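Spelled out from the first residue to the last, the chains are:
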Amino acid sequence: VLDQKYPQFNTVSPMHTIYDALYQMGCENVEYLIVLEDRKFLGILNEHDITNKVLLTKKSLNEILVRDFMSTNLPVATIDDSLEYCMQLMEQHNVRYVAIYEDFDFKGVLSTYDLIQQALRKRKDTFAESNEKEKYTWIY
């Protein structure tokens, strides 16, 4: 799944403002940004975090930094873990994202959307096989 997403360009610095991050999310049509500093993974910033936290602050979006709103408590999986394991992590930790590592090297983020897309791809292949077996002749 990561090979289909890689490289992930939806990254942001923890020192950017929330306004800039929201603008970037809109331009890239993504629901989250990966927060990196010196190529080191720090967390993610997603729409859900912003909407929940922005209501509790009186500051302008131009005054709030990404580091103040980002999520840093993501579960971690390795590139060798199964998609089912990633789903179990998401359910266990009640999150929508899992950070993926190879040894100590950050490889990317898997989201619930990625897992749904993968499940649909597999299902599509299954249905394509079953449709080939059942060729219907249409008579008009």
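Keep in mind that this is a model prediction, so the values were computed, not measured.

A. Representation of the overall build of the protein. The number of helices and strands found in the protein is six helices and six strands. Secondary structure elements of the protein occur, N-terminal to C-terminal, as α-β-α-β-β-α-α-β-α-β-β-α. In the protein, buried positions account for 34% of the 140 residues. In the protein, once contacts between residues fewer than 6 apart in sequence are set aside, the share between residues at least 24 apart is 48%. On the protein, roughly 10100 Å² of surface is accessible, and the fraction owed to carbon and sulfur atoms is 51%.

B. Inspection of the sheet that holds strand β5 (residues 97-102) at higher detail. If you trace the three strands from one edge of the open sheet to the other, you get β4-β5-β6, paired in mixed fashion. Taken across any chain shown, the strands that pair with only one partner, and hence form the sheet edges, are β4 (76-78) and β6 (105-111). Strand-to-strand, the axes of this sheet are offset by a mean angle of 35 degrees, without reference to chain direction. Pairing analysis gives six bridges linking β5 to β6, with the strands arranged antiparallel. When the sheet's bridge partners are listed, V98 is paired in β6 with L110. Contacting β4, β5 and β6, helix α5 (residues 83-93) runs over the sheet at an angle of about 130 degrees to β5.

Analysis parameters
- Residues numbered from 1 in each chain as written.
- Predicted model: local features only at pLDDT ≥ 70, side-chain atom pairs only at ≥ 80, totals over all residues.
- Heavy atoms only, no water.
- Helix = DSSP H or I, 4+ residues; strand = E, 2+ residues; numbered from the N terminus.
- Buried < 20%, exposed > 50% of the residue type's maximum accessible area, 1.4 Å probe, protein only.
- Contact = heavy atoms within 4.5 Å.
- Areas by Shrake-Rupley, 256 points an atom, 1.4 Å probe, with all protein chains shown as cover.
- Pairing = 2+ DSSP bridges.
- Axes fitted to C-alpha atoms, helices over the stretch in contact; angles between N-to-C directions.

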